[in-house]
Amino acid sequence: GGGTGLGGGAALEDAAANQGLTVRAYIVDQFRKLSNAYRAGADKGTGARMHGSGRSDAREYHYKQVCAALEHLSDSPDWAELEAIGTQRHGVGGKTIAKLRELWDTGRLGRVDEFSNNPEQVARELLIKVHGIGQSRVVELVRQGVRTISDLRQRTDLSPQTSIWLKYHDQLEQPIPRDHIGEVRDRIGAVASRIDPRLKAIACGSYRRGKMESRDMDVMLILRGAGPGSTEHLEVMARIVPELHADGLLTDDLTTPGKFPQFGKKTAARVTTPSVVQAENSIAYMGICIVGGVHRRLDLRCYPEHQEAPALLHFTGSGDFNRFMSRAANARGFTLSELGLQPSVIKGPAERVPSGPHLELHSEAHIFEILRLEYKDPSERRDKIDVIDSTTGRPFFQTRESRTALPALTDTSRLQAHHPAAIT
DNA sequence: AGGCAGCGCAC
DNA sequence: GTGCGC
DNA sequence: GCCT
């Protein structure tokens with residue numbers, strides 16, 4: 001390829017330097033902007049049916065893969081290194097290489113400029129950060145003229161969850177210091193063991209991945225001794241949330257913790273809807289707590305002990321890592337979720353159905369082992385390229401050769417021989 | 001041409 | 001069932 | 001947008 005002539009890549013180096021970034025960081029930033037733009041419905045906001053309209057989700061996904069690949073470049077890649085990822089990295093194709101070439105030659109991406117010069121697109125990317133405003137609502141709100149958070153506050157048709165979240169908008173945007181999350185876990189753990197001494201609290205999410213700061217708090221409760229068939233863990237949320245309000249930790253609920261809305265005074269849900277009945281047995285809680293005088297988002301979930309390993313894996317993330325690990329599981333003939341791991345097969349169009357029992361999972365490492373994936377410490381679970389095929393030692397989604405399901409492992413009888421206590 | 005993770009909760 | 005969050 |  002060209003670009004190795006005099007001054008090749010100078011425009012790119014200048015653009016990066018102007019922002020105080022390495023060339024790699026600048027390139028990743030540009031593609032991350034594309035991913036964010038498509039998440040915010042970049043090709044859905046305009047009435048004109050442009051080419052590719054309606055593929056926002058897939059493109060967001062695509063550009064996330066591209067960012068993962070680009071993260072593995074050197075600080076100052078030459079053109080040969082950039083071009084090489086087109087053949088070396090799964091998910092990077094011709095259009096992406098063309099965009100890299102555009103960056104190399106001009107230091108800019110026309111598509112990014114297009115988006116940042118479009119006030120409606122800028123508004124969509126701002127407003128989609130609000131809790132409860134997703135791609136669908138943001139497109140409609142912006143179409144109706146909403147441009148700023150202030151505009152949004154004027155609306156009378158916001159969901160209760162969105163209204164609550166907006167009350168603390170500025171505080172919720174602030175990063176949470178690591179220490180605060182450990183403190184909240186301990187407070188929840190103390191309250192939990194008063195309710196039932198079998199309960200233990202574990203902080204997951206980016207905290208467990210070792211980050212010094214987090215965007216929210218993710219705490220998991222495990223009911224020790226609870227096995228398959230037990231439903232006791234479903235009653236925990238309705239009992240503990242009122243206690244956490246009384247303790248002064250919780251200030252607002254974004255989900256209904258149970259059938260006692262009088263305890264969660266500011267609960268977002270109404271009293272008589274079917275969802276409240278359903279919420280009697282909820283395993284997932286989302287709310288707002290206050291630590292060190294600052295309001296923070298808190299997610300709380302409760303699982304029986306036999307689901308500890310898959311739940312821990314799932315809620316430790318990252319989200320991208322989960323998606324690609326699940327895809328790897330599918331390719332191996334399994335379905336993976338926070339509830340467990342079980343053999344499954346494709347049946348008909350777009351339908352995957354279980355073909356065997358949930359396996360007994362002793363630990364996170366056990367899950368990696370069954371799937372023949374290299375164990376990754378929580379701090380190493382970042383993206384697609386961290387999902388490693390342990391039979392080759394290479395990223396699961398990097399080779400072009402097709403992979404086969406694991407014959408020995410999709411054979412359920414043999415599986416149960418290896419793991420005699422498979423769970424139905 | 002179909003798939004891109006899989007689930008719980010609000011509505 | 002759709003929208004949303006994780 | 002890319003893979004199968």
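Each value, and the rule that gives it
- Residues numbered from 1 in each chain as written.
- Chains lettered and ligands numbered in written order.
- Predicted model: local features only at pLDDT ≥ 70, side-chain atom pairs only at ≥ 80, totals over all residues.
- Heavy atoms only, no water.
- Pairing = 2+ DSSP bridges.
- Helix = DSSP H or I, 4+ residues; strand = E, 2+ residues; numbered from the N terminus.
- Axes fitted to C-alpha atoms, helices over the stretch in contact; angles between N-to-C directions.
- Contact = heavy atoms within 4.5 Å.
- Polar contact = N/O pair within 3.5 Å; in protein donor to acceptor, adjacent residues only side chain to side chain.
- Parallel < 35°, antiparallel > 145°, perpendicular 65-115°, else oblique.
- Nonpolar A, V, L, I, M, F, W, Y, C, P; charged D, E, K, R; others polar.

1. Looking at the sheet that holds strand S2 (residues 199–203)
Paired through backbone hydrogen bonds, the strands of a sheet run either parallel or antiparallel to each other.
Line of reasoning, step 1. If you walk across this open sheet you meet the five strands as S2-S4-S7-S6-S5, and the pairing is mixed. The open sheet terminates on both sides in strands that have one partner only, identified here as S2 and strand S5 (250–253). Adjacent strand axes in the sheet meet at a mean angle of 30° when their direction is disregarded.
Line of reasoning, step 2. Examined bridge by bridge, S5 and strand S6 (residues 284–291) share three bridges and lie antiparallel to one another. Bridge pairing in S6 places leucine 250 opposite cysteine 289.
Line of reasoning, step 3. Sitting on the sheet, helix H12 (residues 178–195) is in contact with S2, strand S4 (217–223), S6 and strand S7 (294–304), with an inclination near 170° to S2.
Line of reasoning, step 4. Its contacts with the sheet put helix H14 (residues 236–246) on S2, S4, S5, S6 and S7, and the angle it makes with S5 is roughly 130°.

2. Quick notes on the side chain of glutamate 308
Line of reasoning, step 1. With respect to the element layout, glutamate 308 can be found in helix H16 (residues 308–316).
Line of reasoning, step 2. Reaching out from glutamate 308, the side chain makes a polar contact with the side chain of lysine 200 at a distance of 3.3 Å.
Line of reasoning, step 3. Not counting chain neighbours up to four residues away, the residues in contact with glutamate 308 comprise Lys200, Ile202, Met220 and Ile222.

3. Topic: the packing of helix H1 (residues 10–18) against helix H2 (residues 23–39)
Line of reasoning, step 1. Contact geometry of H1 with H2 gives a least axis separation of 9 Å together with a crossing angle of 85°. It follows that H1 is roughly perpendicular to H2 by the angle criterion. Side by side, H1 and H2 meet where Leu12, Glu13, Ala15 and Ala16 of the first sit next to Val23, Tyr26 and Ile27 of the second.
Line of reasoning, step 2. Along the lines of polarity and charge, the residues of the contact of H1 with H2 split into six nonpolar, no polar and one charged.

4. What to know about unusual backbone geometry
Line of reasoning, step 1. For the peptide bond that leads from glycine 317 to serine 318, omega is -5°, which places it in the cis range.
Line of reasoning, step 2. Here the phi dihedral of arginine 372 falls at roughly 55°; this positive angle occurs in a residue that is not glycine.
Line of reasoning, step 3. With respect to the helices and strands, arginine 372 occurs in the loop between helix H18 (364–370) and strand S11 (388–389).

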